Amino acid sequence: MDFNDSPSEAAFRAEARAWLAAHAPAHVLPEGVRLPDTEQAERERVWQRTVYDGGYAGIVLPTALGGRGGSIIDAVIWAEEEARYNLPHGPFTTIGIGMAIPVIGKHGNGEQRARFIEATLKGDLTWCQLFSEPSAGSDLANLRTKAVRADDGSGDWIINGQKVWSSWAHLTDWGILVARTDGSVPKHKGLTFFVVDMKTPGIEVRPIRQISGASDFNETFFTDVRIPDANRIGAVGEGWACCMTVLMGERLGTASHGSRIGELMDYAQATPDGRGGTALDQGHVRLALAEAYAEERAERWFQARLRTMVSRGENPGAMAGMVKLAYARRLQKTSGLAMELRGPAAIAAAAADAATRDLQHDYIWSTVMRIAGGADEVLRNQIAERVLGMPGDIRADKDVPFDQLR
Amino acid sequence: MNFDLSDEQKMLAEQARGLLGERTPYDHLRRLIDDGAEWDEALWRELAEMGFLGAAIGEAHGGLGLTALDLGVISEELGRANAAVPFFSSIVLAAEAISLAGSDEQKARWLPGLASGVVIGCFAASEGPGPLVGAAVQCIGGRISGTKFPVADAGIAHIAVVASGDALAIVELNQPGVTRTRLDSFDQLRAHYRIDFADAVADVMPGHGKVATLLDRAAVQAAFEAVGGSEACLAMGLTYVKDRPMFGRPLASYQAIKHKLADVAVGIELAKSNAYFGGWAVDESADDLPIAAAAARLSAITAFEMAARENLQVHGGIGYTFDANCHFYYRRERMLAVNIGNRAHWADRLIAHVPDSNIAQSAQGETV
């Protein structure tokens, strides 16, 4: 166990820190301000390009693909140093880097890697994920969007169907798409993976109004959308393996967010409790905040343990979902507590009251975190079955050809 | 950076687990309880022979001079085995206290015996319901009077390290003026005592103000012990639910059971992660220690509590019998949850040291 850097890691950290000190301040976002999506997207692209030009994009990717060829620990060091600044990170770059690149890197061919990976690292290409459907959420393999070969001999695929919860699909360039190419086999076997240009005719993206008031998610409709076979990733019928690669990347990439517990403690200390003291004098508040802080640290060290496993070539498997499971519930609990601390004032925010709006946003947003990327219940099933070796759930549709279901 | 135990530490764990696994079958623990035994003396001798007792004691004093993390590996295995030995009292508390706060003479006098297991120490801090460290019993002019309770392992101990406020003193227990009365211990595998001092001789340690650091270090070891106990609970619960049929299929196939044990597993991994960092911080980063120790302590209490309770729960009625093994951990968990400060105590300590808030060292101050 060594939480200190080795000499080479220390050298990399110093180099990264110096580079960030020179380049990051110009890109830092103002605290507590939520930018319009288009502006956020642009800032993310610009920062990503800056990182790429500096030689720090895709730390663990081979240099031949535009990456740095570094170690996983280097990537951790980079992330730690980058986190010192409030930089424009978010869906417009992270879905591409955390999900599209891994699946193209692992299952794509040489041409596809050359075409997509470096462009994504440069921030030139942004991505959305076209997985979930109205009847295929937690039961992802139940999806119905169809891809069939065009009958003109071109080898192209014609896509018809509907996706849902496609985050930021309205603003991104490309999508990673899984569709059914064979309904005569059980549901996991007839799937094939594609990448799709979101400007292709026949794609209609309809924003979904969320409980937060924002519209980050969309319904995406495919009507006779034509995709060249060159945009198929991996073999026909092997889409499920591609999905698993994406989901593993998503879970390992789900960082434990600080959720600002230190700030919450300050805030509790500044809030009168009506008995001559502050909210922080109350035992239940102290305990809840201290436990949340302890858990946040535990998530961070646990993630470091997972990365150590990966750096040795071990596969953490379903353990990768543990951090998201813990983090999402913690965020919901602490943001809920924070609203209670504020008292009735938590339910209404004046224009200048960014702090209250932040609390409200965190509380609303925490509900997404418990669902997206594997609902709590799905992750707990996976941990039980794959880490603890408990029996699988009874699956009524196992071994039944998809087109004979229901 | 490397966030895993070294190969040597993994070997140490295996060695300890092998020995303890052989020597602490549950029937043996049940026999100790039925016999009203104070401890497992034979096991203590074996642990001494293996060098485990002196692991973290300096080489100059007959120990191996290993790290807190190495000691943590041993603590974890003792927790897994639910061993009835005074390791925590004698090594984690008494020997550590003397190493931290003792004079050269005190170290030379006591540490070699503690390292070899010939001398057993205990740690007397509490003075009844209330804070972890009482302050009423004080050493004045080399003499001590008053009552400390409960004190673990005091019946077999030769010396007590007595904590009073910020002060620490060594009191030999085989002297006139010391009366030890056995209490009804909730953890039936750890005997607890009341010690009455009546003008007994006490040897004050010069390292005033080391109590908080001592407790930080002990909190890390207690966290490792809890992780070991939690893992034993999870393993026991898993074995049971996989074997036990219910409504025509294994109990383990029900989501209610799967989700419960998945949550236990997550709690254990989180606790283990904080324990690892805490163990590292003891030796490598004193500035981080107060927060690392408090975080390890809080996560460990949470994990062990959940693991011990749910293990008994998934066993159903059989879990409530003396012949089932759940109760060893169910009792040990509560003992560990309160013996060196409850959650409120460690929450206070954590909040007083949070670096990214304005609170550190201000309003609440230090708590011992």
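Conventions used here
Residues numbered from 1 in each chain as written. Chains lettered and ligands numbered in written order. Predicted model: local features only at pLDDT ≥ 70, side-chain atom pairs only at ≥ 80, totals over all residues. Heavy atoms only, no water. Salt bridge = Lys/Arg side-chain N within 4 Å of Asp/Glu carboxyl O. Helix = DSSP H or I, 4+ residues; strand = E, 2+ residues; numbered from the N terminus. Buried < 20%, exposed > 50% of the residue type's maximum accessible area, 1.4 Å probe, protein only. Domains from an automatic or database assignment. Contact = heavy atoms within 4.5 Å. Buried area = accessible area lost by both parts, 1.4 Å probe. Polar contact = N/O pair within 3.5 Å; in protein donor to acceptor, adjacent residues only side chain to side chain. Phe/Tyr/Trp six-rings, centres within 6.5 Å; stacked < 30°, edge-to-face > 60°. Lys NZ or Arg CZ within 6 Å of the ring centre and 35° of its normal. UniProt positions renumbered as here; feature names shortened; annotations may be inferred. Nonpolar A, V, L, I, M, F, W, Y, C, P; charged D, E, K, R; others polar. Lys, Arg positive; Asp, Glu negative; His and termini not counted. Pairing = 2+ DSSP bridges. Axes fitted to C-alpha atoms, helices over the stretch in contact; angles between N-to-C directions. Left-handed = near helix turned anticlockwise from the far one by under 90°.

**Quick look at the pattern of salt bridges**
For side chains bearing opposite charge, pairing can occur when the charged atoms are close.
All names here are of chain A.
And then number 1: In this structure the tally under the stated criterion is 56 salt bridges over all chains.
And then number 2: Arg49 is the salt-bridge partner of Asp53, the closest N and O atoms lying 3.2 Å from each other. Here the residue Asp53 and the residue Arg49 both occupy positions in helix α2 (residues 37–54), the gap between them amounting to four residues, near one helical turn.
And then number 3: Asp53 gets classed as exposed once you look at its relative accessible area, which sits at 51%.

**Details of the domain arrangement of chain B**
Residues and elements named next belong to chain B.
And then number 1: By domain assignment, chain B separates into domain 1 (7–205) and domain 2 (210–355).
And then number 2: Each of domain 1 and domain 2 has a C-alpha centre, and these two points are 22 Å apart.
And then number 3: Across the contact, 37 residues belong to domain 1 and 39 residues belong to domain 2.
And then number 4: Roughly 3,400 Å² is buried in total at the junction of domain 1 and domain 2, and carbon and sulfur atoms are behind 65% of that figure.
And then number 5: Of all residues in domain 1, Arg30, Leu100 and Leu132 give up the largest surface area on contact with domain 2, accounting jointly for 19% of the area buried on that side.
And then number 6: Inspection of the region where domain 1 meets domain 2 yields three salt bridges.
And then number 7: A salt bridge links Arg217 to Glu96; the shortest N-O distance between them is 3.1 Å.
And then number 8: At the boundary of domain 1 and domain 2, one finds 17 residue pairs in polar contact (both at pLDDT 80 or more).

**With respect to the packing of aromatic side chains**
And then number 1: Applying the stated rule across the entire model yields 18 aromatic pairs over all chains.
And then number 2: A ring pair is formed by Trp19 of chain A and Trp47 of chain A, whose centres lie 6.0 Å apart and whose planes are at 45°; its orientation type is tilted. Of this pair, Trp19 of chain A sits in helix α1 (residues 7–23) while Trp47 of chain A sits in helix α2, placing them 28 residues apart in sequence. One exposure class covers both Trp19 of chain A and Trp47 of chain A, and it is buried.
And then number 3: Relative to Phe328 of chain B, the ring of Tyr26 of chain B has its centre 5.7 Å away and its plane inclined at 10°; by these criteria the two rings are stacked. Separated by 302 residues along the polypeptide, Tyr26 of chain B in helix α2 (residues 26–34) and Phe328 of chain B in helix α10 (residues 326–339) bring together distant segments of the chain.
And then number 4: Residue Tyr26 of chain B is classed as partly exposed on the basis of its relative accessible area of 24%.
And then number 5: The ring of Phe402 of chain A carries the charged tip of Arg180 of chain A above its face, separated from the ring centre by 3.5 Å.

**Observations regarding the UniProt feature "domain: Acyl-CoA dehydrogenase/oxidase N-terminal" (unreviewed entry) in chain B**
And then number 1: Mapped onto this structure's residue numbering, the UniProt feature "domain: Acyl-CoA dehydrogenase/oxidase N-terminal" (unreviewed entry) falls at residues 6–117 of chain B.
And then number 2: As annotated, residues 6–117 of chain B comprises 69% helix and 0% strand, and the C-alpha atoms at either end are separated by 27 Å.

**So, the interface of chain A and chain B**
And then number 1: Between chain A and chain B, the residue contacts involve 53 residues of the former and 55 residues of the latter.
And then number 2: Roughly 4,700 Å² is buried in total at the junction of chain A and chain B, and carbon and sulfur atoms are behind 63% of that figure.
And then number 3: Counting every contact that joins chain A to chain B gives eight salt bridges.
And then number 4: Between Glu291 of chain A and Arg343 of chain B there is a salt bridge; the shortest N-O distance is 3.5 Å.
And then number 5: Our count for the chain A to chain B interface comes out at 22 residue pairs in polar contact (both at pLDDT 80 or more).
And then number 6: At the level of elements, α1, α3 (72–82), α7 (261–269), α8 (283–311), α9 (322–342) and α11 (376–387) of chain A are the ones that each hand at least two residues to the side of chain A that touches chain B.
And then number 7: With 15 residues, the top contributor of residues to the side of chain A that touches chain B is α8 of chain A.
And then number 8: A class-by-class count of the residues in the side of chain A that touches chain B yields 25 nonpolar, eight polar and 20 charged.

**Quick look at the side chain of Asp273 of chain A**
Residue and element names in this part refer to chain A.
And then number 1: As for its placement among the helices and strands, Asp273 is situated in the loop between α7 and α8.
And then number 2: For Asp273, which is buried and forms no salt bridge, the nearest opposite charge comes from Arg275, at a distance of 4.9 Å.
And then number 3: One polar contact links the side chain of Asp273 to the main-chain amide nitrogen of Arg275, over a distance of 2.8 Å.
And then number 4: At a separation of 2.9 Å, a polar atom in the side chain of Asp273 contacts the main-chain amide nitrogen of Gly277.
And then number 5: In contact with Asp273, other than residues within four places in its own chain, are Thr278, Ala279 and Gln282.

**Here's the deal with the sheet that holds strand β6 (residues 178–182) of chain B**
Residue and element names in this part refer to chain B.
And then number 1: Pairing is antiparallel in the open sheet, where four strands are placed in the order β2-β3-β7-β6. The strands lining the two open edges of the sheet, one partner per strand, are β2 (139–140) and β6.
And then number 2: Here β6 pairs with strand β7 (residues 192–201) via five bridges, running antiparallel. Note that in β7 the partner of Val178 across the bridge is Phe197.

**Things to note about the packing of α2 of chain B against α10 of chain B**
And then number 1: Taken N-terminus to C-terminus, the directions of α2 of chain B and α10 of chain B make an angle of 65°; their axes are 10 Å apart at the nearest point. Two secondary-structure elements touch here, α2 of chain B through Tyr26, Leu29, Arg30 and Ile33 of chain B and α10 of chain B through His327, Phe328 and Tyr329 of chain B.

**As for the environment of Val162 of chain B**
Residues and elements named next belong to chain B.
And then number 1: Along the chain, the position of Val162 falls in strand β4 (residues 159–164).
And then number 2: Once the C-alpha coordinates of Val162 and Arg31 are considered, the two residues, 131 residues apart in sequence, prove to be 32 Å apart.
And then number 3: Residue contacts for Val162: discarding those within four places in its chain leaves Ala124, Ile144, Lys148, Ala167, Leu168, Ala169, Val171 and Phe197.

**A word on the packing of helix α9 (residues 289–315) of chain B against helix α11 (residues 343–353) of chain B**
Residues and elements named next belong to chain B.
And then number 1: Running from N to C, α9 and α11 point in directions that differ by 145°, and their axes come no closer than 8 Å. Like other packed secondary-structure pairs, α9 and α11 cross with a definite hand, here left-handed. Across from Pro290, Ile291, Ala293, Ala294, Ala295, Arg297, Leu298, Ile301, Thr302 and Glu305 in α9, the residues of α11 making contact are Arg343, Trp346, Ala347, Arg349, Leu350 and His353.
And then number 2: Grouping the constituent residues of the contact of α9 with α11 by class yields 10 nonpolar, two polar and four charged.

**A closer look at the sheet that holds strand β1 (residues 121–124) of chain B**
All names here are of chain B.
And then number 1: Strand order in the open sheet formed by four strands is β1-β4-β5-β8, and the pairing between neighbours is mixed. This sheet does not close on itself; its edge strands, each paired only once, are β1 and β8 (203–204).
And then number 2: Bridge count between β4 and strand β5 (residues 167–172): six bridges; the pairing is antiparallel. Bridge pairing links Ser164 to Ala167 in β5.
And then number 3: Lying on the sheet, helix α6 (residues 104–116) is in contact with β1, β4, β5 and β8; it crosses β5 at an angle near 65°.

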